[in-house]
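# Overview (structure and organization)
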Amino acid sequence: MPLPFPPTRQPTRLPCAILREPTMIDVRSDTVTHPTPAMRQAMFDAVVGDDVYGDDPTVQQLETLAATILGKEAALFVPSGNFGNQLALLSHCQRGDEVILGDDCHIVWHETGGAAVIAGVQLRTIASPDGVLAATEIQKRIRTGDDIHAPRTGLICLENAHSNGRVIPLADMQAVWDVAQQHAIPVHLDGARIFNAAAHLGCDVRDLTQYCDTVMCCLSK
Ligand SMILES: Cc1ncc(COP(=O)(O)O)c(C=O)c1O
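Since the model is a prediction, treat every value here as computed from it, not as a measurement. (Residues numbered from 1 in each chain as written. Predicted model: local features only at pLDDT ≥ 70, side-chain atom pairs only at ≥ 80, totals over all residues. Heavy atoms only, no water.)

### So, the overall build of the chain
Going by this rule: Helix numbering and strand numbering both begin at the N terminus, where a helix is a DSSP run of H or I of at least 4 residues and a strand a DSSP run of E of at least 2. Accessible areas in this description were obtained via Shrake-Rupley with a 1.4 Å probe; residue shielding takes into account the shown protein chains only. Neither His nor the chain termini are counted; the positive set is Lys and Arg, and the negative set is Asp and Glu. For this purpose, a charge sits on NZ of Lys, CZ of Arg, CG of Asp or CD of Glu.
Scanning the chain for helices and strands turns up ten helices and five strands. Oriented by its inertia axes, the alpha-carbon framework of the chain measures out at about 65 × 40 × 35 Å. Accessible surface for the chain amounts to roughly 12900 Å². Of this, 57% is attributable to carbon and sulfur atoms. Between the averaged position of the 16 positive side-chain charges in the chain and that of its 26 negative side-chain charges there is a distance of 5 Å.

### Focus: the nonpolar core
Stated precisely, the cut-off is as follows: Nonpolar cores were defined as sets of buried Ala, Val, Leu, Ile, Met, Phe, Trp, Tyr and Cys residues, with membership established by side-chain atoms within 4.5 Å. Any residue under 20% of the maximum accessible area for its type is buried, any over 50% is exposed, and the rest in between are partly exposed; the area is computed with a 1.4 Å probe on protein chains only. Any two residues whose heavy atoms approach within 4.5 Å are treated as being in contact.
Judged by nonpolar contacts, the single largest core of 28 residues is most densely connected at Ile138 and Ile156. A total of five residues in this core trace back to one element, the largest contributor, which is helix α8 (residues 170–182). Residues within four places of Ile138 in sequence aside, it is in contact with Ile100, Ile126, Leu133, Ile156, Val176 and Val179. Residues Ile107, Ala115, Ala119 and Leu155 belong to the second largest nonpolar core, which totals eleven residues.

### Overview of the site of the ligand
Cut-off, in case you're wondering: Residues are counted as near a molecule or strand when any one of their heavy atoms sits within 4 Å of it. Polar contacts, as used here, are pairs of N or O atoms within 3.5 Å; protein pairs need one atom able to donate a hydrogen and one able to accept it. Residues neighboring in sequence count only if both atoms are side-chain atoms.
In the neighbourhood of the ligand, 14 residues make up the surrounding shell, with Gly81, Asn82, Asp190, Arg193 and Lys221 lying closest. Asp190 is positioned such that a nitrogen or oxygen atom in its side chain is 2.7 Å from a nitrogen atom of the ligand. The contact in question runs from an oxygen atom of the ligand to an N or O atom on the side chain of Lys221, over 3.4 Å. Alone, the ligand offers 390 Å² of accessible surface; in the complex the protein occludes 83% of this. It is helix α4 (residues 81–92) that provides the largest number of residues to the shell around the ligand, a total of three residues.

### Focus on the sheet that holds strand β2 (residues 122–126)
Quick note on the threshold: For two strands to count as paired, DSSP must find a minimum of two bridges between them. Orientation is described by axes fitted as lines to C-alpha atoms, over the contacting stretch for helices, and by angles from 0 to 180 degrees between their N-to-C directions.
As summarised here, the arrangement of the five strands in space is β2-β1-β3-β4-β5, forming an open sheet in which the pairing is parallel. Only two strands of the sheet have a single partner each, and these edge strands are β2 and β5 (214–217). Adjacent strand axes in the sheet meet at a mean angle of 25° when their direction is disregarded.

### Description of the side chain of Arg193
Relative to the helices and strands, Arg193 resides in the loop between β4 (187–191) and α9 (194–201). On the basis of relative accessible area, Arg193 is assigned to the buried category, the value being 16%.

### Looking at a nonpolar patch on the surface
Applicable threshold: Exposure above 30% relative accessible area and no salt bridge define the residues that can form patches, which grow by joining like charges within 9 Å and nonpolar side chains of Val, Leu, Ile, Met, Phe, Trp and Tyr within 5 Å. A carboxyl oxygen of Asp or Glu within 4 Å of a side-chain nitrogen of Lys or Arg is what we treat as a salt bridge.
Side chains of Phe5, Leu65, Ile69 and Phe195 sit close together on the surface and give an oily, nonpolar patch of about 330 Å² of accessible area. By the secondary structure assignment, Leu65 is in helix α3 (residues 57–70).

### Description of the pattern of salt bridges
The tally for this structure, following the rule as stated, stands at nine salt bridges. Here Arg124 and Glu98 are joined by a salt bridge, their closest N and O atoms 3.3 Å apart. You can see Arg124 sitting in strand β2 and its partner Glu98 sitting in strand β1 (residues 98–102), a full 26 residues away along the chain. Exposure remark for Arg124: the relative accessible area of 26% places this residue in the partly exposed category. Between Lys140 and Glu137 there is a salt bridge; the shortest N-O distance is 2.8 Å. One end of the pair is Lys140 and the other is Glu137, both in helix α7 (residues 135–141) and three residues apart, which spans about a single turn. Here the salt bridges do not stand alone but share partners, grouping Glu98, Arg124 and Arg143 into one network.

### What to know about the domain arrangement of the chain
Put simply, the test is: Throughout the structure description, domain borders are defined by an automatic or database domain assignment. Two parts placed together each lose some accessible area under a 1.4 Å probe, and the buried area is that loss summed for both.
Domain annotation of the chain identifies domain 1 (16–70) and domain 2 (81–217). Taking only C-alpha atoms into account, the centre of domain 1 sits 27 Å from that of domain 2. Between domain 1 and domain 2, the contact holds five residues from the first and nine residues from the second. With both chains or domains summed, domain 1 and domain 2 bury close to 500 Å², and 58% of this area falls on carbon and sulfur atoms. For the domain 1 face of the interface with domain 2, the top three residues by lost area are Asp30, Ile69 and Leu70, together amounting to 87%.

Written out as structure tokens, the structure reads:
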């Protein structure tokens, strides 16, 4: 029988002040939303432990669930979307590698230059109207020559849904994936809002994640 998620111990009622619901709807951003009382209660009741020793069944179940839903071999729970994106850059690239990505994406605009400081990579941006990266433009920027002065193309990054609110159609993702495959270059998907993208396209999330090697998704959006 599947275990309840998250694993629970004997429930204790949270103090009312913490459970109080916000009284207004704030439409500035999806990042200002609050967890519902049920979400807070589930967190409060969750069994926790030292994750390094593998003693945290809640995190383990969350990671297994995420890997299953996203169609990947494994998942890692990290504290923020920035953290997840930076881990992807570090995992796929060597220092000095070049990353091809949209000029208005989160990694370029909102990660305080972390790609340079933390991962030590160079960003090669492409104009991406509506968040869509044209596969033909990516193709032109992939370093294929044997010039010893040139950086190596280490990664292509996509963002879907884009933080400008646009959703990249599946066909555009596939076109990028096909070019990446031809050159054996990995693809990372900033999927902070991937569940919104799948809902908009009316497809399974795995229809999107089939076109990337790694994906970051946010539980806060
Ligand atoms: C597209 C995108 N990627 C990454 C992030 C980073 O997420 P976090 O704020 O959890 O670091 C955000 C945050 O809004 C985002 O919109």
